[in-house]
Amino acid sequence: PAEDVPKVAVSSNGKRKKATTAAETTSAKKGKNDIEVVNDTIVDAPGKVRIIFTGIPKEESMARSIGADVVDDPALASHMIIGTELKRTPKLLVAINSGVQFIVNLNWLQDSSKKGEPIEINSLKSKYIVRDKKKEKLWGFNMEQTLSLPRGVQSTSKRVFDGYRFYYHPEG
């Protein structure tokens, strides 16, 4: 039954709040910036901008000035803000794998703050999308193509260990 689906409410700071059933979560009083997650999928924040920072200091007040939530869990982010240079941080790798929509530079947040709302990114060729051709060549990927690929549970592409079997022996 739907009442038995485990849910977790996640506050805007990315901290998970305990809930054992869907009924507990839906009846619990949530703050205005809380995000509801069911089976690792955000269910109550369509179109909500959720920002995570990596490799640069957090600009929380600027993020909040555009109505965005700042999260610590890269799997919950819609926008990742990084410096001008790509760095292979754990947050970046998890965000890409989890389906972050945009990996942008700080200029996006600054310009959005001046405008008073998030600037919509209509193309992966936007000036705000981080491009680091040197790192892309070194790591063998293309940022634009990577962000356009389906990821997460919706992905129909082959998983990393598809076709492999792993055996574990505690004494081995």
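Above this text is the structure in question.
The structure contained in this document is the topic of the report that follows. Please read these numbers as outputs of a predicted model, since none were measured by experiment. (Residues numbered from 1 in each chain as written. Predicted model: local features only at pLDDT ≥ 70, side-chain atom pairs only at ≥ 80, totals over all residues. Heavy atoms only, no water.)

Looking at empty space enclosed by the protein
So the rule is basically this: A 1.4 Å probe that fits into a set of points on a 1 Å grid over the protein atoms alone but cannot get out defines a cavity; an open set with protein on both sides within 12 Å along at least five of seven lines defines a pocket, and lining residues are those with an atom within 4 Å of a point. Grid points are joined across faces, edges and corners, and a volume is the space filled by probe spheres set on the points. Helical segments are the DSSP runs of H or I of at least four residues, strand segments are the runs of E of at least two, and each set is numbered from the N terminus. Following the grouping adopted for this structure description, the nonpolar residues are Ala, Val, Leu, Ile, Met, Phe, Trp, Tyr, Cys and Pro, the charged ones are Asp, Glu, Lys and Arg, and the polar ones are all others, Gly among them.
If you walk through the whole model with that rule in mind, you get one cavity of 30 Å³ or more. Of the voids in this model, the largest cavity is the one considered here, and its volume is about 30 Å³. In terms of lining residues, the largest cavity is bounded by R131, K133, E136, N142, M143 and E144. Mapped by element, the contributors of at least two residues to the lining of the largest cavity are α5 (133-139) and α6 (143-148). A class-by-class count of the residues in the lining of the largest cavity yields one nonpolar, one polar and four charged.

Re the sheet that holds strand β8 (residues 102-105)
For clarity, the threshold we go by: Strand pairing is assigned whenever DSSP identifies at least 2 bridges connecting the two strands. Any two residues whose heavy atoms approach within 4.5 Å are treated as being in contact. Lines are fitted to the C-alpha atoms to define the axes, a helix being fitted only along its stretch in contact, and any angle between axes, read from their N-to-C directions, falls within 0 to 180 degrees.
Pairing in this open sheet of four strands is parallel, and the strands run β6-β5-β7-β8 from one edge to the other. Two strands in the sheet have a free side with no partner beyond their single neighbour: β6 (69-70) and β8. For strand β5 (residues 50-53) and strand β7 (residues 79-82), the ladder comprises three bridges, and the chain directions are parallel. Bridging from a neighbouring strand, I51 pairs with H79 of β7. In the packing of helix α3 (residues 90-98) onto the sheet, the strands contacted are β5, β7 and β8, and the crossing angle to β7 comes to about 155°. Across the sheet, helix α4 (residues 106-115) lies against β5, β7 and β8, angled at about 80° from β8, the strand it touches most.

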